[in-house]
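Examining the three-dimensional arrangement
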Amino acid sequence: MNQAESILSLRDVEKTFAGHCAVDGVSLDVARGEVVAVIGPSGSGKSTMLRCINLLEVPDRGTITVDGTDLDTSGTVSARDLTQLRRRVGMVFQSFNLFPHMTVLRNISLPQERVLGRSRDEADRRSMELLERVGLQQKADAYPAKCSGGQQQRVAIARALALDPEIMLFDEPTSALDPELGLEVLAVMRQLADTGMTMIVVTHEIHFAATVADRLIVMADGRILEQGPPQQVLDDPQHARTRTFLSAIKDR
Amino acid sequence: MKSAIFSDWAEWLPRLLDGLWVSVQVTGLSLIIGLAAGLLLALAAFARTRLLTWPAILLVEIGRGMPALVMLQLVYFGLPSVGLTLETYAAVVLALSLTTAAYTSEIIRAGLRAVPDGELEAADALGMSRGDVMRFVVIPQGLRIALPTLLGFAILIFQISSLAFSLGLPELLSQAYSIGAATFRYLDVLTLAGLLYLAVTIPAGWLVARFERRLSRHLTT
Ligand SMILES: Nc1ncnc2c1ncn2[C@@H]1O[C@H](COP(=O)(O)OP(=O)(O)OP(=O)(O)O)[C@@H](O)[C@H]1O
Ligand SMILES: [Mg+2]
């Protein structure tokens with residue numbers, strides 16, 4: 001892939017925890033509008049790689065480039081660069097992580113006010129727009145505890161989208177959900193992909209990966225084991241480890 | 001005989017109520033000062049500000065380790081030797097504030113720590129500043145978690161304020177003692193004083209319990 005058209009690049013990103021290499025020299029280019037699905041066994045470094053992208057984990061080595069802005073992570077990253085980066089990269093977690101003491105609407109509006117400096121009205125208008133998009137406008141005044149897991153995750157997606165990110169990271173967004181609630185979240189993600197959002201999705205949902213993603217990446221031991229068009233990787237995996245892993249998740 | 005006790009009680013009551021008012025005042029002031037200091041200490045500890053951590057830990061350990069009675073005596077009799085002489089009232093408030101700060105900083109710190117890490121990460125990932133994360137996410141929830149324990153402690157410090165009688169502060173227990181000394185009816189007057197303490201602490205305890213139930217409404221799934 002041509003680097004000029006990639007919106008996100010990782011170069012030799014490495015992250016070690018107490019002598020254990022969680023991400024071991026990963027390089028990756030993601031094109032604008034591309035949807036990348038990431039699969040791999042537990043402990044293979046999927047989450048850590050994702051968290052390195054928005055610097056929730058600061059890599060020990062390597063560079064991260066978002067839309068032409070380089071972040072050399074071996075030095076210290078200034079607070080300004082960090083905020084810039086995080087405005088452009090939204091993240092959705094397995095455990096939703098809504099703020100339980102705020103209503104759904106406040107959850108989505110507060111970051112807009114504090115990070116983008118939007119007025120309360122402006123922020124609320126944008127929040128309602130997004131709630132409508134994820135099908136939850138009727139939940140605006142509810143507290144998260146009064147929402148199902150699937151609804152909470154859709155609110156979390158709206159909260160991230162409200163900052164108008166260019167890239168969205170998803171870390172197993174449906175793993176904590178019952179299958180039918182997972183489906184409503186996947187539907188929202190599918191819709192988001194259709195609007196041209198650049199997405200990196202760590203998931204065990206093979207069907208979603210096969211039908212929505214442009215590329216499937218298989219990770220093992222902190223490295224990218226193989227990657228390619230989802231159908232190709234799924235139908236004709238090049239590595240024995242990929243085959244073992246795929247049959248393990250298909251058998252579930 | 002019974003009616004004699006009650007007429008004595010009626011006679012003593014105004015003085016005891018004056019004493020109760022002093023107890024409530026020193027408790028209230030100590031709580032305001034001590035909680036503010038406790039919150040600052042808790043935030044310093046939570047933020048792991050190195051400059052502040054060490055003195056903060058020292059203060060907390062001394063404040064919690066030292067019996068309140070010793071703290072009162074040290075402030076009242078000890079500070080003059082370093083050139084600071086305080087009125088009884090001020091000495092009591094200072095000593096109880098120190099004890100309050102030490103205990104409540106630990107209570108608040110535990111509350112702040114109980115806010116799930118995932119929420120802090122989400123706030124970080126949204127690009128919120130450290131200050132905003134504290135202000136909008138950690139402090140409101142941490143205080144809410146700490147509140148029942150803090151209110152319980154407030155009741156305790158009200159009881160502890162009776163130790164100020166040892167410095168001669170005219171609070172409830174001192175008033176009861178001096179009435180006792182004048183009438184030799186220690187048991188009767190102490191019973192009445194005890195009832196007055198209970199008249200504050202028991203309803204306060206109920207209120208705390210109700211409050212606790214109300215607060216946990218949004219937070220349970
Ligand atoms: N904060 C941390 N401290 C220490 N070790 C960590 C930390 N985070 C991750 N690790 C280790 O790094 C390795 C990769 O973890 P990571 O969470 O990235 O894997 P994963 O592929 O997301 O796994 P899963 O499918 O279970 O979520 C694991 O061995 C894990 O134990
Ligand atoms: Mg993970």
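Residues numbered from 1 in each chain as written. Chains lettered and ligands numbered in written order. Predicted model: local features only at pLDDT ≥ 70, side-chain atom pairs only at ≥ 80, totals over all residues. Heavy atoms only, no water.

**Thoughts on the overall build of chain A**
Heads up, the condition is: Here a helix means four or more residues in a row that DSSP labels H or I, a strand means two or more in a row labelled E, and each is numbered from the N terminus. Taken over C-alpha atoms, the radius of gyration is set against a globule rule of 2.2 Å times the number of residues to the power 0.38. Only protein chains enter the area calculation, which uses a 1.4 Å probe; residues under 20% of their type maximum are buried, those over 50% are exposed, and those in between are partly exposed. Contacts are assigned to residue pairs with any non-hydrogen atoms lying within 4.5 Å of each other. In these tables, accessible area is a Shrake-Rupley quantity obtained with a 1.4 Å probe, and a residue counts as shielded only by the protein chains included in the view. The charge count treats Lys and Arg as positive and Asp and Glu as negative. His and the chain ends do not count. Where a charge lies is defined by one atom per residue type: Lys uses NZ, Arg uses CZ, Asp uses CG and Glu uses CD.
The helix and strand tally for chain A stands at nine helices and ten strands. Taking 252 residues into account, the globule formula puts the C-alpha radius of gyration at 18 Å, and chain A, at 18 Å, falls close to it. A principal-axis box enclosing the C-alpha atoms of chain A has dimensions of 50 × 45 × 35 Å. In chain A, which comprises 252 residues, the proportion classed as buried is 57%. When contacts within chain A are restricted to residue pairs at least 6 apart in sequence, long-range pairs at least 24 apart make up 64% of them. Entry remark: accessible area of chain A is about 10600 Å², with carbon and sulfur atoms responsible for 45%. Taking the 28 positively charged and 34 negatively charged side chains of chain A as two groups, their mean positions are separated by 4 Å.

**Observations regarding the UniProt feature "transmembrane region" (unreviewed entry) in chain B**
Residue and element names in this part refer to chain B. What counts, and what does not: UniProt positions are given in the numbering used here, feature names are shortened, and annotations may be inferred rather than shown by experiment.
Look at the UniProt record and you will see "transmembrane region" (unreviewed entry) annotated at residues 20-44, 56-76, 82-103, 145-169 and 189-209. Regarding residues 82-103, the helix share stands at 73% and the strand share at 0%, and the terminal C-alpha atoms are separated by 26 Å. Between the end C-alpha atoms of residues 189-209 the distance is 30 Å, and the span holds 100% helix and 0% strand.

**Thoughts on unusual backbone geometry**
Residues and elements named next belong to chain A. Positive phi, close to 50°, is recorded for Asp164, a residue that is not glycine. Take Asp164: it is sitting in the loop between α5 (149-161) and β7 (167-171). Take Asp164: its relative accessible area is 40%, and that puts it in the partly exposed class.

**Remarks on the nonpolar core**
The condition that has to hold: Take the buried Ala, Val, Leu, Ile, Met, Phe, Trp, Tyr and Cys residues and link them wherever side-chain atoms come within 4.5 Å; each set so joined is a nonpolar core.
Formed by 47 residues in total, the largest nonpolar core has its most connected members in Leu131, Ile157, Met168, Phe170, Met189 and Met199 of chain A. When residues no more than four places from it in sequence are discounted, the contact partners of Leu131 of chain A are Val104, Ile108, Leu136, Gln137, Ala140 and Val155 of chain A. Formed by 42 residues, the second largest nonpolar core is a distinct cluster that contains Val26, Phe46, Ala95 and Leu167 of chain B.

**Looking at the environment of Gln191 of chain A**
Residue and element names in this part refer to chain A. Topologically, Gln191 is positioned in helix α6 (residues 179-194). Residue classification places Gln191 among the partly exposed residues on the basis of a relative accessible area of 37%. Along the backbone, Gln191 and Val212 are 21 residues apart, and their C-alpha atoms lie at a distance of 9.6 Å.

**Some thoughts on the site of ligand 1**
Residue and element names in this part refer to chain A. The criterion, for reference: When we say a residue is near a molecule or strand, we mean one of its heavy atoms is within 4 Å of it. Between N or O atoms, a polar contact is any pair within 3.5 Å; within protein, one atom must be a potential hydrogen donor and the other a potential acceptor, and residues adjacent in sequence are included only when both atoms are from side chains. Each residue gets one label: Ala, Val, Leu, Ile, Met, Phe, Trp, Tyr, Cys and Pro are nonpolar, Asp, Glu, Lys and Arg are charged, and the others, such as Gly, are polar.
For ligand 1, the full set of nearby residues is Phe17, His20, Ala22, Pro41, Ser42, Gly43, Ser44, Gly45, Lys46, Ser47, Thr48 and Glu172. With respect to ligand 1, the side chain of Glu172 contributes an N or O atom lying 3.3 Å from an oxygen atom. Secondary structure elements with two or more residues in the shell around ligand 1: β2 (20-31) and α1 (46-53). No other element matches the three residues that α1 contributes to the shell around ligand 1. Broken down by class, the residue content of the shell around ligand 1 amounts to three nonpolar, seven polar and two charged.

**Notes on the interface of chain B and chain A**
This is how the line gets drawn: When a carboxyl oxygen of Asp or Glu is within 4 Å of a side-chain nitrogen of Lys or Arg, the pair counts as a salt bridge.
Residue-level contacts link 21 residues of chain B with 23 residues of chain A. Taken together, the connections running from chain B to chain A amount to two salt bridges. Arg51 of chain A is the salt-bridge partner of Glu121 of chain B, the closest N and O atoms lying 2.6 Å from each other. Inspection of the region where chain B meets chain A yields six residue pairs in polar contact (both at pLDDT 80 or more). Contributions of two or more residues to the side of chain B that touches chain A are made by α5 (117-125) and α6 (130-160) of chain B. A breakdown of the residues in the side of chain B that touches chain A according to their chemical character gives nine nonpolar, six polar and six charged.

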